[in-house]
Amino acid sequence: MFRIKKQLAAMGVLGINQRNAEYTLRYNPRYLYPLVDDKLRTKEIALKGGLAVPELYGLVGTEYQVRHLADLLKSYSDFAIKPSRGSGGEGILVVSGRTKELYRKIDGTLISSEEIGYHLFNIISGMYSLGGQPDKALIEYRVRFDPKFEPISYLGVPDIRVIVFLGVPAMSMVRLPTRMSAGKANLHQGAIGAGIDIANGTTLTAVWRNQIITEHPDTGNPVTGVEIPKWDTLLKIAARCYELTGLGYIGVDLVLDKDKGPLILELNARPGLSIQIANRSGLLPRLKLVEQHHTELVNLDDRLEFSKHNFGHKG
Amino acid sequence: MNKRHLYLLAGSLTAIGLILFFYKLIVMDFPLIPEVKTYIWSIEAHLTFEAGKKPVKVSMFIPRNSRRFTIMNENFVSKGYGVSVSTENGKRRVHWSIRKVKGPQSLYYHATVIRMDRDMLPYKPAISEKEKPDLEGAYLEASKALITEVRRKSADTDSLVAGLFKRLNTPEPGDSAALLLGKKATVQKKVDLSVQLLALAGIHARAVHGIHLEEQRREAPVIHWLEVYEKDSWLSYEPASGIRGVPEDYLVWWRGTEELVQAQGVKRLHVSLSVVRSEEAALQLAVEKGIIKKPILLDFSLFSLPVQTQAVYRVVLLVPIGVLFLVILRNVIGIRTFGTFMPVLIALSFRETQLLWGIILFTTLVGIGLLIRLYLEHLQLLVVPRLAAILIVVIGLMAFLSVLTHKLGLERGISVALFPMVILAMTIERMSIVWEEFGAIDAIKQGTGSLIAAMITYLIMTIKYIEHLVFVFPEILLIVLAATILLGRYSGFRLLELRRFKALSDIKSDV
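If you're wondering where the values come from, they're calculated on a predicted model, not measured in any experiment. (Residues numbered from 1 in each chain as written. Chains lettered and ligands numbered in written order. Predicted model: local features only at pLDDT ≥ 70, side-chain atom pairs only at ≥ 80, totals over all residues.)

How do you make sense of the overall build of chain A when you look at a structure like this?
On a plain count of helices and strands, chain A comes out with 11 helices and 13 strands. Among the 315 residues that make up chain A, the fraction classed as buried is 46%. Looking at chain A alone, contacts between residues at least 24 apart form 63% of all its contacts between residues at least 6 apart. (Helix = DSSP H or I, 4+ residues; strand = E, 2+ residues; numbered from the N terminus. Buried ≥ 20, exposed ≤ 12 C-beta atoms within 10 Å, placed from the backbone. Contact = placed C-beta atoms within 7 Å.)

Okay, here's the thing in C-alpha cells:
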C-alpha cells in the first residue's frame, strides 16, 4: 500500500483531498460557482463571450409549461433534455427521433410524451439538482457528433474534457461511450477515456475499466492515434473559459458537432480526477508549472503556446 | 489559507482541552476509568394498624450506618403524627405518636441504602448490654445441662456455636433443648435462646435481625442471625448451619431480643418490609454525597444537570466522536456514504437495537422501502409528495416491524422506532436515484458503504471508556474539534483512491 502511495506521489497524481484543499478551494471563489453549476447561466456567458453552445430550444420551469409540452416540441424531432443544475450527467434524456406520439431515445427504446412530462416534473422539483432545490429543465439541440468519431463510439456522444488551470489547458482526454456505459460518457460507468496529446490533438493510449486498450470494445476500431479535428479551436475555446468564468481550476466539456463545429457542453468547477488515468500521468507537476509561470503568460496565445510546449507528449 | 493560523488554532484548542483535562484528573480526582455502577437499594417499612380512639405510640427500630452500608435520604411518611428519632446504645428507633386517631392507619419509613465498605472501628460492647440469662428453675437447669454438654464437645467459639446450632436444629434435640425451645421452634427463638445459653457460658452474644437486599422484594422476610463478641470484634453466625459469616448483602435492621415494633393503643398491627434495587453511577453518587470536592468549576459541569438530562448528554456527547470518525472514514479512507452524517444517526439508533438487530432492521427497512419506491415510480408522482409518501410508508413499516417482532417475542425489534425515519426516507430516495442513474452496483456499493460507516461509528461510540471520558471530561471535545479542523486541511491521498489510481502506478512501472 505504501509502495503504491509512494509511486503515485512520485508521479504527481492529484487526489481528491489535495484537489479540494489546494486547487478548487483556493482558485475557485465560491460566488462564481453558480456560473458553472447552472447550465443556463453557462450558456448565457458563453454566448456573450462569443463561444458556441448547443442551441436552446426551450426552458421548462413550471408545471404549467410541462402540460403544454407538445406545443414546445412541435417543430423538433430530436432534442436533449437536461436539468439546468444537474451534476455528474444525472437526469439527461436524449431523444433522437419521433413517430406521431412516441419519442425514440438514443438507445432505441420508445417513450410517450407523458413519460417525458414526468421526467420534466422530476427535474423541476429538484430531483437531480444539488441539495434538491427547484430546478429548470433545458431542452436543447441534440449534438450530432463529427463523423470522425463514428467508428469509436457507441450510442452516445463522445466529449472532450480539458482541465484548464489559470487559463492554461493542463490536460485533456476524450471520453468515448460504450455499450457498457449505456451511451454515457462517464469513465466510472464504463466509458473509454483516451488521453489527448495537447500539442497535436491525437489520442494517446486509451483506458477502459482500469486497463489499457487499443481498440473500442464494441466497434473494434483503433482508439489510439486518432486525430481530433479542429484541435486548436477546441483548445482555444477551453482556454477562454477561464476569462469567461473567472474560475481558476475548471474542467471544460466540449463536443464537436458535424455542422456547428466545437460547442461548449458544460463547465465543471470540481472536475474529476480520472483524466489522470486516461493520460497515465499525474496532474500535479503540470499544475505546479503553471503556478510558477502564469504571471508571465499575458495573453491567450501565450497560454496556448505554453501549454502545447510543456504538456505535449514527448517521444 | 494561512497554515500557521490553522496550526495555532488547533494547537491552542488542544492545549486548553488538555489543561482542563489534567486539572480535573489530577487536582479534582475525577476517575479516568469508566465508572462502576453501584447498586443502591430503596428500603421501606410499612406499618398498618387499627387505632381505637386512644392515644397511639409506635416505635420501630431503624437501620444505622454500618461498616458495609450507608443509610441515606431517610424519610418518614406519617400524616398528623409526631415523629422523633432516638439513638441509645447504638440502637436507632423512630417514635411516632398521636393523641387522637381512629380507623386504619398507615405509617411509612423510607431510606436509601448504599453499599460502601469502609473501615470503622468495631462497636465496643458495653458491659450493661451484656445479656443476663433470664432463666429460672427447670429452664435454668436444662440450659446449664445443654450448654455444658455442647461446650464439652467444642474446642473454641466457632465450634461451640456450630455445635449449639447443630443441636438446636436437629428434629429431636433432646429433652432439655425441647423444653427450652417450646413447641414452635422458630429461627428467632433459636437465636434468642443461644444468646442466653452463650451468656451462661460467659460468652457475649447478641441476636441480629435484618433483611436480604435483593433485586426486588415485597414483604421481605426478616432474617435472624447471631453475633458473638470475640477478640474485640463481632463475628456473625448463620443459625441454619452455625457456620461463621453471613452473606454480604444482609442489612442489619436492629439488634437485641426486642421486637421490631413496640406499639401502644393499636390493634391488628402489621409490618411489611420491602426492598427495590436500582443502579446508579458511582461518580454521580460521589458528587452527591460530597466525596468529590466541589469547586465552582463543578457547578458548571454536566453533573449539575438533572439526572435525565445527564443521560441525554451521555449520548449527545458521543456524536462528536462519531462525527470525527466519519470524517476520517470519508476523507482519509474514502468510503462513500449516503448523506453526510447519516451513518452517525444510524449508529446512534444501533445503540438501542444492538448491532446485529440494527443491521437486520436497517437493511429490511431500506430494502422494502426501495421496492415501494420502485412501485411509486410507476405512478409518476412529483418529488416532494413522493418523498412524503416514502416517509409515511417507512413509518408504517417501522410500526409493523415492531408489532411483528413483539408478537414473535423478539423484544429487540421494538426499538426499531428509534431509527431516524426522515433520514431513512431520504436514503431510500437517494439510493433509488443512484440505482436508476448509475446502476444497482453503485447503489449497493454506497448503501453498504453507509452501513459499514455506521457499524464502525457504532463500535467506537459504544466503547464504555469513551462514553465515560467525554462525559466526565467534556473538554475532550476541544481536542476533537482541533483534530477535525486539522483533518479539514488534509490533502493526502484517500486510502481507496490508491486503489483507483493503482492502474496508473502499475502501467508506469511496466514501461
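Help me understand the overall build of chain B in this model?
Helices and strands together make up the secondary structure of chain B, namely 18 helices and 13 strands. Within the span of chain B, comprising 511 residues, buried residues form 28% of the whole. For chain B, the share of sequence-separated contacts (at least 6 apart) that also reach a separation of at least 24 residues comes to 75%.

Please clarify how the interface of chain A and chain B should be interpreted in this entry.
Accessible area lost upon the coming together of the parts serves often as the stated size of an interface. On the chain B side, the residues contacting the 26 residues of chain A number 24 residues. Those elements giving two or more residues to the side of chain A that touches chain B turn out to be α1 (2-11), α2 (16-27), α7 (113-124) and α9 (275-279) of chain A. Residue composition of the side of chain A that touches chain B, grouped by class: 12 nonpolar, 10 polar and 4 charged. (Nonpolar A, V, L, I, M, F, W, Y, C, P; charged D, E, K, R; others polar.)

Explain unusual backbone geometry here, please?
Glycine aside, a negative phi is what most residues show, and trans is what most peptide bonds show. A positive phi angle, close to 70°, is found at Leu 155 of chain A, a residue other than glycine. In this structure, Leu 155 of chain A sits in the loop between β6 (137-140) and β7 (159-165). The class of Leu 155 of chain A is partly exposed, set by 18 C-beta atoms lying within 10 Å. The backbone of Arg 268 of chain B sits at a positive phi, close to 50°, despite the residue not being glycine.

Explain the nonpolar core to me, please; I cannot follow it from the model alone.
Proteins that are soluble and globular tend to have nonpolar side chains buried together. In terms of nonpolar packing, the biggest core is built from 70 residues, with Val 164, Ala 170, Ala 194, Ala 238, Ile 250, Val 252 and Leu 254 of chain A touching the most fellow members. Residue contacts for Leu 254 of chain A: discarding those within four places in its chain leaves Asp 159, Ile 160, Val 162, Leu 234, Ile 237, Ala 238, Pro 262, Leu 263, Ile 264 and Leu 265 of chain A. Listed in part, the 51 residues of the second largest apolar core include Leu 47, Ile 147, Val 191 and Trp 253 of chain B. (Core = buried A, V, L, I, M, F, W, Y, C linked by C-beta atoms within 7 Å.)

Please explain the sheet that holds strand β3 (residues 93-98) of chain A as it appears in this structure.
Paired through their backbone hydrogen bonds, the strands of a sheet run either parallel or antiparallel. All names here are of chain A. Read across the open sheet, the 6 strands follow the order β1-β6-β2-β3-β4-β5; overall the sheet is antiparallel. Here the strands that pair on one side only, and so sit at the sheet edges, are β1 (56-60) and β5 (110-112). In this sheet, adjacent strand axes meet at a mean angle of 30° when their direction is disregarded. As judged from the 3 bridges shared by β3 and strand β4 (residues 102-105), these two strands associate in the antiparallel manner. (Pairing = 2+ DSSP bridges. Axes fitted to C-alpha atoms, helices over the stretch in contact; angles between N-to-C directions.)

Even after reading the chapter, I still don't get the confidence of the model for chain B, so can you show me in this structure?
Put simply, chain B has an average pLDDT of 80, and 85% of its residues get 70 or more. In the predicted complex, the global pTM is 0.65; the interface-specific ipTM is 0.75. (pLDDT = per-residue confidence, 0-100.)

Is there a simple way to explain the pairing of strand β12 (residues 249-257) of chain A in this structure?
Moving residue by residue along a regular strand, the side chains alternate between the two faces of the sheet. All names here are of chain A. For β12, a buried count of 8 out of 9 residues is recorded, marking the element as mostly surrounded by other parts of the structure. Bridge count for β7 against β12 is 6 bridges, and the pairing is antiparallel. Note that in β12 the partner of Val 164 across the bridge is Ile 250. Where β12 meets strand β13 (residues 261-268), 7 bridges bridge the pair, whose relative direction is antiparallel.

Would you mind showing me how to read the packing of helix α12 (residues 383-407) of chain B against helix α13 (residues 421-438) of chain B here?
Packed helix pairs are characterised by how far apart their axes lie and by the angle those axes make with each other. Residues and elements named next belong to chain B. At a minimum axis distance of 9 Å, the contact between α12 and α13 shows a crossing angle of 120°. By the criterion of interaxial angle, the relationship of α12 to α13 is oblique. Taken as a pair, α12 and α13 cross one another with a handedness that is right-handed. Between α12 and α13, the residues in contact are Leu 387, Ile 390, Leu 391, Val 394, Ile 395 and Met 398 and Met 421, Val 422, Leu 424, Ala 425, Ile 428 and Glu 429, respectively. Looking at side-chain class alone, the contact of α12 with α13 contains 11 nonpolar, no polar and 1 charged residues. (Parallel < 35°, antiparallel > 145°, perpendicular 65-115°, else oblique. Left-handed = near helix turned anticlockwise from the far one by under 90°.)

Whenever I open this one, the pairing of strand β9 (residues 223-230) of chain B confuses me. Can you help?
All names here are of chain B. The element β9 is largely enclosed, with a buried count of 6 among its 8 residues. Relative to β9, strand β7 (residues 205-212) runs antiparallel, the two sharing 6 bridges. Counterpart to Gly 210 in the pairing with β9 is Ile 223. Judged from the 5 bridges that link them, β9 and strand β10 (residues 233-237) form a sheet pairing that is antiparallel. When the bridges of β10 are listed, Tyr 229 appears paired with Trp 234. Between β9 and β10, which pair antiparallel one after the other, the connecting turn spans 2 residues, and Lys 231 there sits at a positive phi close to 45°.

Could you clarify how one ought to interpret the sheet that holds strand β4 (residues 82-88) of chain B in this entry?
Residues and elements named next belong to chain B. Spatial strand order, β4-β5-β2-β12: 4 strands in an open sheet with antiparallel pairing. At either margin of the open sheet sits one strand with a lone partner, and together these are β4 and β12 (261-264). Averaged over all pairs of adjacent strands, the angle between their axes in this sheet comes to 15°, without regard to strand direction. Relative to strand β5 (residues 91-98), strand β2 (residues 56-62) runs antiparallel, the two sharing 7 bridges. Paired with Met 60 across the two strands is Val 94, which belongs to β5.

Teacher, can you tell me more about the environment of Leu 32 of chain B here?
Secondary-structure assignment places Leu 32 of chain B in the loop between α1 (3-27) and β1 (37-52). With 437 residues separating them in the primary sequence, Leu 32 of chain B and Leu 469 of chain B have C-alpha atoms 7.0 Å apart.

How do you make sense of helix α11 (residues 300-311) of chain A when you look at a structure like this?
An α-helical turn contains 3.6 residues, so any two residues separated by three or four positions project in the same direction. All names here are of chain A. The end-to-end C-alpha distance of α11, which contains 12 residues, comes to 16 Å, matching closely the 16 Å that a straight helix rising 1.5 Å per residue would cover. The set of residues buried in α11 consists of Arg 303, Leu 304, Ser 307 and Phe 311. Looking down the long axis of α11, one finds its buried residues gathered within 95° of arc, a one-sided arrangement. Of the exposed residues in α11, the ones pointing more than 90 degrees away from its buried face are Asp 301 and His 309. The secondary structure elements touched by the buried residues of α11 are β8 (168-176), α8 (231-245) and α10 (284-293). (Expected span 1.5 Å × (residues − 1). Arc of directions from axis to C-beta.)

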